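Close look at the chain arrangement
Residue-level listing of the chains:
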Amino acid sequence: MKTEFLKPRFTGARFDEHTLPVDVASDLAAYEELVIELAKHLWLSEHPGRERVPRGFEKGFSLHLEGMVEDGSAKPLLSWVVAGALALQGGNNIYFEQSRDLIAECVSASATNHPLPAKFPKDLLDHFNVFGRSLREGEALELPRAAGPAQLTPESRKKLVLDAQRVYSKDVDLTGRVGEIDWEKQTFRLRLEEGAAITAPLPENFSELARQAGGKDRLSVLIRGVGVFDAYDRLQKLAETHHLELLPNQTLAAQIEELAALQDGWLEGQGKAPDKDQLAWATDRLVSSFPEDLPFPHIGPTPEGGLFLEWIQKPWRISAEILLPDHRCELQATNTITAKSDDKDLNLDQAGALPELYTFVRSHLTPA
Amino acid sequence: MQPTTFLLRQVHPQWLKDGQVLSIAFRPFPKDDGLLSVYDGDLISPEASLNHFTGILGYKSDGVWAITVRETEACALPVRAEVVGHFPEHAVIDFTAHAAKEQKAKSKILATKAEKRGCLHKPGQ
């Protein structure tokens, strides 16, 4: 037997096409778990003296994603499916419906800064660590409610969790360097770009990548997982590691990618912004070939929409000016004491040009 | 202007990296026809020049660096006042006698001298 249970509505840019990203499935699964746990609590509250819910209580409840409501919104239809024999037991069904309504009341109270419903037990607020975790800034999950929909947003979800405990979890993308690896505990230290370090779980399937990146200053990693934050949004640790990817020469890549934010007129109303595809080309070429023994240059834009790389090591200033989209490179090393200069022009589309660029720079830098 | 007069140069945030001034900040832009705009330090303080540049002209600056008239002339770069409208403190360093590659080399020398002297005024200081 199948009964319509809930039509939640997702809002935000990711849902504009009226489709559901697959990571939202984890929210719906977490919602089902919360409905069951709250229904059990409600049943026990009404049956003092009983320590357990009746046998088969939760088997009578299973949510199925039936499809999308065809009204132009990202609104999945969740149906309550009950096995034939259990459908006849009917009496306990009311607790699942009460649970659904109480969850919506709880979400609404948090979103509107009202006290949480007294019937909602604080120990179940922990479920909001998972339910709604895939929501990003600007997104919301609306739960239907008689007095108007209850909006679960990243902010109201955080408040709900912090009402019961001192930390809450959310999905994170982190970039950093792999420090010490504890093979026994299967964890590693992730040194974040901003300077802090956190401990992260190291699943077996990422061990080899972590080993490659361990202790290497120029080999960063991108981690996707679940971060644990305090009430001030300070990351405390990583609770789960879902994805680990190597990012060679990330410091260099970040300097170039930062220039993609420039707009035409950035320099006294006249500077031309570098073309984003050309920046991607330059990032790819430099990041994939940059030698380990060379210091990274400082990188800025040129007024003509190109890249200006400069290595500063007294008495030398060595610049590589990359003209975009021409892919020409004007190299110049100047001894700022003697005023002696060496120049060289390269075409970066030609094979061997980048090694030549690096050799030019290297030949003018004083060995450390 | 005296040989010791400071020529004040505003440095765009994109050309200040990890506290170091890129030499491109001391090079004339294509629109400048070989003339690098500076403030005459005898007529305006570093702080007032920054306020004028960002507040009146509406441009971006991450700080004021300086070279002296003597330093620019040692690079064979003449300096002269060039009043623009209600902007009597405006002066230019003339790069026009030099080819593009020479201009770049000279900008490296000027930037190094300015950096050695240090930032004279930063926004919010």
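Next up on the list: the overall build of chain A. Each helix and strand in chain A was counted, giving eight helices and 16 strands. Its C-alpha radius of gyration of 28 Å places chain A more than 25% over the 21 Å reference for a compact globule of 368 residues. Across its three principal axes, chain A shows a C-alpha extent of roughly 95 × 50 × 35 Å. The burial tally for chain A puts 32% of its 368 residues in the buried class. Sequence separation of 24 or more characterises 57% of the internal contacts of chain A that already satisfy a separation of 6 or more.

Before going further, it helps to examine the overall build of chain B. Summing up its helical and strand segments, chain B has three helices and seven strands in all. Mapped in sequence order, the helices and strands of chain B form the string β-β-β-β-α-β-α-β-β-α. Relative to a compact globule of 125 residues, whose C-alpha radius of gyration would be 14 Å, chain B shows 13 Å and is just as compact. For chain B, the spread of C-alpha atoms along the principal axes amounts to about 35 × 35 × 30 Å. Considering only contacts in chain B between residues 6 or more positions apart, those separated by 24 or more positions represent 74%.

Residue and element names in this part refer to chain A. Pairing is antiparallel across the open sheet formed by five strands, whose spatial order is β9-β8-β7-β10-β11. Two strands close off the open sheet at either side, each with one partner strand: β9 (197-201) and β11 (235-248). The average undirected angle you get between the axes of adjacent strands in this sheet is 45°. Pairing between strand β7 (residues 167-182) and strand β10 (residues 219-230): 11 bridges, direction antiparallel. Across the sheet, residue V172 finds its bridge partner in β10, namely G225.

Core analysis: the largest hydrophobic core is formed by 52 residues, its most contacted members being L7, V21 and A66 of chain B. Sequence-distant contacts of L7 of chain B, defined by excluding residues within four places in its chain, comprise V38, G41, A66, I67, T68, V69, T72, V79, A91 and I93 of chain B. Judged by nonpolar contacts, the second largest core, of 38 residues, contains F10, Y95, L124 and Y168 of chain A.

Turning our eyes to something else, we now look at the environment of V35 of chain A. Considering the arrangement of structural elements, one finds V35 of chain A in helix α1 (residues 25-46). Considered as a pair, V35 of chain A and E97 of chain A are 62 residues apart in the sequence and their alpha carbons are 8.6 Å apart.

Below, the discussion takes up the packing of helix α6 (residues 250-257) of chain A against helix α7 (residues 276-289) of chain A. All names here are of chain A. Put simply, α6 and α7 touch, their axes get as near as 10 Å, and they point 165° apart. With respect to their mutual orientation, α6 and α7 come out roughly antiparallel. For the element pair α6 and α7, the recorded crossing hand is right-handed. Contact residues: α6 offers L252, A253, I256 and E257, while α7 offers L279, A282, T283, L286 and V287.

This part takes up the sheet that holds strand β4 (residues 35-40) of chain B. Each strand in a sheet pairs with another by means of backbone hydrogen bonds, the pair being arranged parallel or else antiparallel. All names here are of chain B. Strand order in this open sheet of five strands is β5-β1-β4-β7-β6, and the pairing throughout is antiparallel. If you trace the sheet from one side to the other, it starts and ends with β5 (64-68) and β6 (79-81), each paired once. Each strand axis lies, on average, 40° off the axis of its neighbour in the sheet, ignoring direction. Where β6 lies against strand β7 (residues 90-94), three bridges are found, and the strand directions are antiparallel. Directly across from R80, in β7, lies its bridge partner V92. Set on the sheet, helix α1 (residues 46-56) makes contact with β1 (6-10), β4 and β5; between it and β1 the angle comes to about 35°. The strands touched by helix α3 (residues 100-117) are β1 and β5; relative to β5, the strand with the most contacts, the crossing angle is about 115°.

Turning our attention to α7 of chain A. Each α-helix turn comprises 3.6 residues. Residues three or four places apart therefore point the same way. Here α7 of chain A is 14 residues long and its end C-alpha atoms lie 20 Å apart, about the 20 Å a rise of 1.5 Å per residue gives. Buried residues in α7 of chain A make contact with α6, β13 (307-313) and β14 (316-323) of chain A.

Tallying the contact residues gives 19 residues for chain B and 20 residues for chain A. For the side of chain B that touches chain A, the element with the most residues is α3 of chain B, which contributes six residues. Split into classes, the residues belonging to the side of chain B that touches chain A amount to eight nonpolar, five polar and six charged.

Time to look at the pairing of β7 of chain A. Residue and element names in this part refer to chain A. The pairing of β7 with strand β8 (residues 187-192) spans five bridges and is classified as antiparallel. Residue R177 lies in a different strand from β8, and its bridge partner there is R191. Between β7 and the antiparallel strand that follows it, β8, lie four residues; Q186 among them carries a positive phi value of about 55°.

This brings us to the environment of V92 of chain B. Residues and elements named next belong to chain B. Residue placement: V92 occurs in strand β7. Its 22 C-beta neighbours within 10 Å are what place V92 among the buried residues. Taking the C-alpha atoms as reference points, V92 and E115, separated by 23 residues in sequence, lie 19 Å from one another. In this structure, V92 is in contact with L35, L36, S37, V38, R80 and E82, ignoring residues within four places of it in sequence.

Residue and element names in this part refer to chain A. Close contact between helix α3 (residues 93-111) and helix α4 (residues 154-162) brings their axes to 9 Å; oriented N to C, the two are set at 105°. The angle between α3 and α4 falls in the class roughly perpendicular. Contact residues: V107, S110 and A111 in α3; S156, K159 and L160 in α4.

Residue and element names in this part refer to chain A. When cut into domains, chain A gives domain 1 (2-165), domain 2 (169-247) and domain 3 (251-364). On a C-alpha basis, the centres of domain 1 and domain 2 stand 32 Å from each other. At the junction of the two partners, domain 1 supplies five residues and domain 2 supplies four residues. Tallied by class, residues from the side of domain 1 that touches domain 2 come to two nonpolar, two polar and one charged.

Bringing the confidence of the model for chain A into the picture now. Overall, the predicted model of chain A reaches an average pLDDT of 91, with 96% of residues at or above 70. The lowest-confidence element of chain A is helix α2 (residues 84-87) of chain A, averaging 52 in pLDDT; the highest-confidence one is β14 of chain A, averaging 98.

Calculation rules
- Residues numbered from 1 in each chain as written.
- Chains lettered and ligands numbered in written order.
- Predicted model: local features only at pLDDT ≥ 70, side-chain atom pairs only at ≥ 80, totals over all residues.
- Helix = DSSP H or I, 4+ residues; strand = E, 2+ residues; numbered from the N terminus.
- Rg over C-alpha atoms; globule rule 2.2 N^0.38 Å.
- Buried ≥ 20, exposed ≤ 12 C-beta atoms within 10 Å, placed from the backbone.
- Contact = placed C-beta atoms within 7 Å.
- Pairing = 2+ DSSP bridges.
- Axes fitted to C-alpha atoms, helices over the stretch in contact; angles between N-to-C directions.
- Core = buried A, V, L, I, M, F, W, Y, C linked by C-beta atoms within 7 Å.
- Parallel < 35°, antiparallel > 145°, perpendicular 65-115°, else oblique.
- Left-handed = near helix turned anticlockwise from the far one by under 90°.
- Expected span 1.5 Å × (residues − 1).
- Nonpolar A, V, L, I, M, F, W, Y, C, P; charged D, E, K, R; others polar.
- Domains from an automatic or database assignment.
- pLDDT = per-residue confidence, 0-100.

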